[in-house]
Amino acid sequence: MSFADLNLAPDSIAWTGSWIATGIGLGMWVWSWVGEKNPIQKLRLRDCGVVLLFSGILARIVVQDRPMMAVDWAMVFLGPLFIAAALWRLARTASAAGTEPL
């Protein structure tokens, strides 16, 4: 495979990156339920997962080829609210998470 065979269009890079972010976010969210015991770390993993998940979904909505449907519009309006709430909780728990040794 040569360099010319790669599809390096900006929309395909954004599409691939959004799926990677969605996968990592879903993995963090699942790990917070099954693997983490510390309650603060659980909350932080869930919040990081929510931010990555919704960011990936919103990126895919932006680069899609078809016209936006009702579900897309709902995600455009509700996604940033969930992202803002998760970032606010991450900021609130930042000092509590930093007190625990690694």
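Here the residue index of a chain counts from 1 through its sequence in written order. It should be noted that, the model being predicted, local features are given only for residues of pLDDT at least 70 and side-chain atom pairs only at 80 or more, the latter also being counted only at that level, while totals for whole chains, interfaces and linings use all residues. In computing side-chain values, all of the structure's heavy atoms are included and hydrogens and water are not.

### As for the overall build of the chain
No. 1: Secondary structure summary: the chain contains four helices and zero strands in total.
No. 2: Runs of E in the DSSP output that reach at least two residues are strands. Runs of H or I that reach at least four are helices, and both are numbered from the N terminus. Listed by position from the N terminus, the elements making up the chain come as α-α-α-α.
No. 3: Between buried and exposed lies partly exposed: a residue is buried under 20% and exposed over 50% of the maximum accessible area for its type, with that area taken using a 1.4 Å probe on protein chains only. A total of 102 residues make up the chain; the buried ones form 26% of that total.
No. 4: Contacts were defined at the residue level, with two residues in contact if any of their heavy atoms lie within 4.5 Å. Sequence-distant contacts, at least 24 apart, represent 64% of the contacts inside the chain between residues at least 6 apart.
No. 5: Carbon and sulfur atoms form 73% of the exposed surface of the chain, whose accessible area is close to 7100 Å². Using a 1.4 Å probe, the Shrake-Rupley method yields the accessible areas, and only the shown protein chains count as cover for residues.

### Focus: the packing of helix α2 (residues 39-63) against helix α3 (residues 70-92)
No. 1: α3 packs onto α2 with a crossing angle of 150° between their chain directions and a minimal axis gap of 9 Å. When the interaxial angle is binned, α2 and α3 end up roughly antiparallel. When you trace α2 past α3, the crossing you get is left-handed. Contact residues: α2 offers Leu43, Arg44, Asp47, Cys48, Val50, Val51, Phe54, Ser55, Ile57, Leu58 and Ile61, while α3 offers Asp72, Met75, Val76, Gly79, Pro80, Phe82, Ile83, Ala86, Leu87, Arg89 and Leu90.
No. 2: For the contact of α2 with α3, the class distribution of residues is 16 nonpolar, two polar and four charged. Only the contacting stretch of a helix is used when fitting its axis, a line to C-alpha atoms as for every element, and angles between N-to-C directions run 0 to 180 degrees. Each angle is binned into one of four classes, with values under 35 degrees roughly parallel, values over 145 roughly antiparallel, values of 65 to 115 roughly perpendicular, and all other values oblique. The sense of a crossing depends on the near helix, which, turned anticlockwise from the far helix by less than a right angle, makes the crossing left-handed and, turned clockwise, makes it right-handed. Residues were grouped as follows: Ala, Val, Leu, Ile, Met, Phe, Trp, Tyr, Cys and Pro as nonpolar; Asp, Glu, Lys and Arg as charged; and all remaining residues, including Gly, as polar.

### Focus: the pattern of salt bridges
No. 1: Basic side-chain nitrogens of Lys or Arg form a salt bridge, by our definition, when they fall within 4 Å of a carboxyl oxygen of Asp or Glu. Applying the stated criterion across every chain, the model contains two salt bridges.
No. 2: The residue Asp47 makes a salt bridge to Arg89 at a minimum N-O spacing of 2.7 Å. Of the two residues, Asp47 is situated in helix α2 and Arg89 in helix α3; the sequence distance between them amounts to 42 residues.
No. 3: Owing to a relative accessible area of 2%, Asp47 belongs among the buried residues under this scheme.
No. 4: Overall, the relative accessible area of 30% leaves Arg89 in the partly exposed class.

### Side note on the packing of aromatic side chains
No. 1: Stacked, tilted and edge-to-face are the three classes applied to pairs of Phe, Tyr and Trp rings, where Trp contributes its six-membered ring and a pair requires centres within 6.5 Å; stacked means planes under 30 degrees apart, edge-to-face means over 60, and tilted covers the rest. Overall, the coordinates contain four aromatic pairs when judged by the stated rule.
No. 2: Summarising the aromatic geometry, the rings of Phe54 and Phe82 are spaced 5.1 Å apart at their centres and angled 0° between planes, so their arrangement reads as stacked. Of this pair, Phe54 sits in helix α2 while Phe82 sits in helix α3, and the two are 28 residues apart along the sequence.
No. 3: Residue classification places Phe54 among the buried residues on the basis of a relative accessible area of 17%.
No. 4: On the basis of relative accessibility, which here comes to 44%, the residue Phe82 falls in the partly exposed class.
No. 5: A cation sits over an aromatic face here: Arg46 above Trp33, 3.8 Å from the ring centre.
No. 6: Criterion for a charge above a ring: Lys NZ or Arg CZ within 6 Å of the ring centre, and within 35 degrees of the ring normal. Here the guanidinium or amino end of Arg60 rests over the ring plane of Trp19, the centre of that ring lying 3.8 Å away.

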